[in-house]
Amino acid sequence: MNNFLNWLTNNQKVYINSKLFSITSFPQLLSADSSNKIVNKNVNHYYYYGTHLIAKKKIDKNELLFTLPQSTLLDDVLFTKYLKIFTNFKKEINYLKEEEYSNFMAFMLLFINKLNDDYILDSINNLQNENITEILFNLKNFKNYLNILPNSTNHLAYLMEDYNDILNGTSLQYLSIQRNLQIEKTFKNFIQPFFLQQKLLPAIALQEFKYFTGIAHSRVHNIFDFTKNDTRFCFVPLGDFINFHYKKSNIISYTDKKTNRLIFKSKNDINKGKQIFTIYGKNKIIFNHVLMMDYGFCFLDYSEIEFLNNTKVFVNFISLLKNHFRSENKQLNRKKRILIEIANLMNYPLQEELTNIINITINDNLLFKLFDPNIIALFRILAGNENEINFLLMNLNTNDNQHVNFDELTSNQINYFNYQLANLLSNKISDRNENLIKETIVNFLQLELNNRLENLKKNNNYNKNNELKEEVNSKKLMRLCIEKLREAESKILQKYIDLIKY
């Protein structure tokens, strides 16, 4: 921490009003006095675990806490300049930046973390690039920032092995599995091969990359740079310690137009001993599953309606297609495939996001209001019997009413029929078809609900049989958050079931 603060204040021309706030980390209070010496004081655990800022004295409204020049903000510019020298990795670099930006930023942090003097000297000698010296030494300066980051992450996406029992019966389990698979693929195809090529850098493990991906997901900020008249996605030293709160936000941050410096000021009075909070991004609402996945917590002091409104249930309808709507009639199946192709639903994603329902009107088009219309359109095709499927095909007409060979459709014909079919599928085909879909979806949602209720019961039994006080603070908070998420998801699922049944 000493090196980090000295680097900020002495080398980077950062102004820190250390009389106003302290940098706090469990289990010690780390406070910087006017001479930037670190004083350790034992403190009790706060409700929010991890590093954060605490008011040392009363802070008045509009007081300046600290300012940062743009040079202290770590983004991908220098790193990308360095990587472009490795011509055999240009394709992968562009892909990571465009498609998996958090993984790219994690790659940058991992590279900086592994930088050493031997590697820098070897690169200068071998790469023969006039800018390489400046680039590498500037990147190495940011190791001071990395050294003060937590040595572990509470992000659920990267803790599947240790926290699998906690995630059971929530949408987070599915989301965590998907994110883990994507991270592992990036590591295998790009990250690991790159580091194996750098012989003077130490070897890396998948878990290290997962750790830095967790850091990237929770700490990348969107900062405006007036010299470029554009935003920068970057890491913000010191500003990273300010935690998010949807109601208790008491500071603002912005880029000063004259100096181009990042400013952190109090937006109201902050009493001594109170934590300093901010709002992440322009929107003050962040969904609970995002808070849990990317930051490792959600708010237990939400009112029930606020918590429900900020909760999503992710359901995957693929299992429905595997177990239902099958037909032994090969000709009927062929016609269904033709309709699915015309409707452009061949590769449609079947993950659905269910949210708290407010003021839904019950009518014949209820399924279109409750679910993605494309999913219901796909279900209406798959649930169709021979008469219903023939009805759809017969109502697809060409301009000249000529016979159409649906086995050999041209791209123009598919585009022409697509609009007609979309209109047909926007309403129920028949009562039989619609009732079959409703019954199937209700049964599926009931299974999802039962799974959550079962895990709520298991969690209650766990709480009775185990002293939660013995758990580390982060794991205890995580269990409480997951329990509240299960309860909210269960209520949302029950609302959907009741509406469809009615």
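Everything in this summary refers to the structure shown in the same document.

Looking at the overall build of the protein chain
Working step 1: From N to C terminus, the protein chain includes 20 helices and 14 strands.
Working step 2: Out of the 502 residues belonging to the protein chain, those deemed buried represent 49%.

With respect to the sheet that holds strand 1 (residues 15–16)
Working step 1: Pairing within the open sheet is antiparallel, and its four strands lie in the order 1-6-11-10. At either end of the open sheet lies a strand with only one pairing partner, and these are strand 1 and strand 10 (251–255).

Concerning the pairing of strand 11 (residues 262–266)
Working step 1: Of all five residues making up strand 11, four are buried, and the element is well covered by its neighbours.
Working step 2: Note: strand 6 (residues 64–68) against strand 11, four bridges, orientation antiparallel. Looking across to strand 11, one finds that Leu 68 is bridged to Leu 262.
Working step 3: Here strand 10 folds back onto strand 11, and the loop between the two strands holds six residues, one of which, Asn 260, carries a positive phi near 65°.

Quick notes on the packing of aromatic side chains
Pairs of aromatic rings are described using the distance from one ring centre to the other and the angle between the two planes.
Working step 1: Inspection of the entire model under this criterion finds 26 aromatic pairs.
Working step 2: Here a set of aromatic residues connected by ring pairs shows up, and it is made of Phe 79, Tyr 82, Tyr 101, Phe 104, Phe 107, Phe 111, Tyr 119, Phe 190, Phe 194, Phe 195 and Phe 233.
Working step 3: In this structure, Lys 312 is placed above the aromatic ring of Phe 287, and the distance from its NZ or CZ to the ring centre is 4.4 Å.

Observations concerning the nonpolar core
Nonpolar side chains in soluble globular proteins tend to end up buried together.
Working step 1: In terms of nonpolar packing, the biggest core is built from 75 residues, with Phe 317, Leu 354, Phe 371, Ile 441 and Leu 445 touching the most fellow members.
Working step 2: Contact partners of Leu 354, with chain neighbours within four places excluded, come to Thr 311, Lys 312, Val 313, Val 315, Leu 370, Phe 371, Leu 445, Ile 492, Leu 493 and Tyr 496.
Working step 3: Counting residues in hydrophobic clusters, the runner-up holds 64 residues, among them Leu 53, Ile 148, Leu 201 and Ile 276.

A look at helix 17 (residues 386–394)
Working step 1: Where helix 17 is concerned, the buried positions are Glu 388, Ile 389, Leu 392 and Leu 393. All buried residues of helix 17 project into a common sector of 135° when viewed along the axis, lining one side. Facing away from the buried surface of helix 17 by more than 90 degrees, the exposed residues are Asn 387 and Met 394.
Working step 2: Put simply, Asn 385 is the residue that caps the front of helix 17, since its side-chain oxygen is 3.3 Å from the backbone nitrogen of Asn 387.

Remarks on the packing of helix 14 (residues 330–342) against helix 18 (residues 411–425)
Working step 1: Where helix 14 meets helix 18, the closest approach of the two axes is 8 Å, and the angle between their N-to-C directions is 95°. Between helix 14 and helix 18, the crossing angle belongs to the class labelled roughly perpendicular. Contact with helix 14, carried on its side by Leu 339, Glu 341 and Ile 342, involves Ile 414, Phe 417, Asn 418 and Leu 421 of helix 18 and no other residues of that element.
Working step 2: Each residue belonging to the contact of helix 14 with helix 18 can be placed in one class, and the counts come to five nonpolar, one polar and one charged.

What about the environment of Leu 172?
Working step 1: With respect to the secondary-structure elements, Leu 172 resides in helix 9 (residues 171–197).
Working step 2: Measuring from C-alpha to C-alpha, the distance between Leu 172 and Val 313 comes to 9.0 Å, with 141 residues separating the pair along the chain.

Describing unusual backbone geometry
For residues besides glycine, phi is generally negative; the peptide bonds are generally trans as well.
Working step 1: Unusually for a residue other than glycine, Asn 229 sits at a positive phi of about 55°.
Working step 2: Note on placement: Asn 229 falls in the loop between strand 7 (220–225) and strand 8 (230–235).
Working step 3: With a phi angle near 60°, Asn 344 is a residue other than glycine that sits in the positive phi range.
Working step 4: On the secondary structure map, Asn 344 appears in the loop between helix 14 and strand 14 (351–355).

Points about helix 4 (residues 101–114)
Working step 1: Compared with the 20 Å implied by 1.5 Å per residue over 14 residues, the 20 Å span of helix 4 between its first and last C-alpha is a close match.
Working step 2: Of all 14 residues in helix 4, eleven are buried, a share of seventy percent or more.
Working step 3: Taken together, the buried positions of helix 4 are occupied by Asn 103, Phe 104, Met 105, Ala 106, Phe 107, Met 108, Leu 109, Leu 110, Phe 111, Ile 112 and Lys 114.

Regarding the environment of Pro 202
Working step 1: Topologically, Pro 202 is positioned in the loop between helix 9 and helix 10 (206–219).
Working step 2: Look at Pro 202 and you get partly exposed, because its relative accessible area is 36%.
Working step 3: Residues Pro 202 and Tyr 119 lie 83 residues apart in sequence; the distance between their C-alpha atoms is 10.0 Å.
Working step 4: Setting aside anything within four residues of it in sequence, one finds Pro 202 in contact with Lys 114, Asn 116 and Phe 195.

Observations regarding the side chain of His 289
Working step 1: The residue His 289 is located in helix 11 (residues 288–295) in this model.
Working step 2: Residues contacting His 289, with those up to four places away along its chain left out, are Leu 172, Leu 175, Lys 312 and Phe 314.

Some words on the side chain of Thr 80
Working step 1: Here Thr 80 lies in helix 2 (residues 77–83).
Working step 2: Within polar-contact distance, the side chain of Thr 80 engages the backbone oxygen of Asp 76 at 2.6 Å.

Overview of the pattern of salt bridges
Side chains that differ in charge, positive against negative, can pair when their charged atoms come close.
Working step 1: With the rule as written, the count across this model stands at 16 salt bridges.
Working step 2: As a salt-bridge pair, Lys 114 and Glu 208 come within 2.6 Å of each other at their nearest N and O atoms. In this pair, Lys 114 sits in helix 4 while Glu 208 sits in helix 10, placing the two residues 94 residues apart along the sequence.
Working step 3: Using a relative accessible area of 12% as the deciding quantity, one classes Lys 114 as buried.
Working step 4: For Glu 208, a relative accessible area of 26% translates into the label partly exposed.
Working step 5: For Glu 304, the salt bridge is made with Lys 491, and the minimal N-O distance between the two is 2.1 Å.

As for the pairing of strand 10
Working step 1: As paired strands, strand 10 and strand 11 are joined by five bridges and run antiparallel to one another. By the bridge assignment, Ile 252 is partnered in strand 11 with Lys 265.

Notes on the environment of Asp 76
Working step 1: Its location among the elements puts Asp 76 in the loop between strand 6 and helix 2.
Working step 2: In the structure, Asp 76 is positioned 159 residues away from Phe 235 in sequence and 9.7 Å away in space, judged by C-alpha atoms.
Working step 3: Other than its neighbours up to four places away in sequence, Asp 76 contacts Lys 97, Tyr 101, Phe 104, Met 105 and Met 108.

Structural notes on the packing of helix 4 against helix 9
Working step 1: Two numbers describe how helix 4 lies on helix 9: the axes approach to 11 Å, and their chain directions differ by 40°. As far as their axial angle goes, helix 9 and helix 4 are oblique. The way helix 4 lies across helix 9 gives a crossing that is right-handed. For the pair formed by helix 4 and helix 9, the contact residues are Asn 103, Phe 107, Leu 110, Phe 111 and Lys 114 on the first element and Gln 182, Ile 183, Thr 186, Phe 190, Ile 191, Phe 194 and Phe 195 on the second.

Criteria and thresholds
- Residues numbered from 1 in each chain as written.
- Predicted model: local features only at pLDDT ≥ 70, side-chain atom pairs only at ≥ 80, totals over all residues.
- Heavy atoms only, no water.
- Helix = DSSP H or I, 4+ residues; strand = E, 2+ residues; numbered from the N terminus.
- Buried < 20%, exposed > 50% of the residue type's maximum accessible area, 1.4 Å probe, protein only.
- Pairing = 2+ DSSP bridges.
- Phe/Tyr/Trp six-rings, centres within 6.5 Å; stacked < 30°, edge-to-face > 60°.
- Lys NZ or Arg CZ within 6 Å of the ring centre and 35° of its normal.
- Core = buried A, V, L, I, M, F, W, Y, C linked by side-chain atoms within 4.5 Å.
- Contact = heavy atoms within 4.5 Å.
- Arc of directions from axis to C-beta.
- Polar contact = N/O pair within 3.5 Å; in protein donor to acceptor, adjacent residues only side chain to side chain.
- Axes fitted to C-alpha atoms, helices over the stretch in contact; angles between N-to-C directions.
- Parallel < 35°, antiparallel > 145°, perpendicular 65-115°, else oblique.
- Nonpolar A, V, L, I, M, F, W, Y, C, P; charged D, E, K, R; others polar.
- Expected span 1.5 Å × (residues − 1).
- Salt bridge = Lys/Arg side-chain N within 4 Å of Asp/Glu carboxyl O.
- Left-handed = near helix turned anticlockwise from the far one by under 90°.

As far as function goes, none of this settles anything; it's purely spatial.
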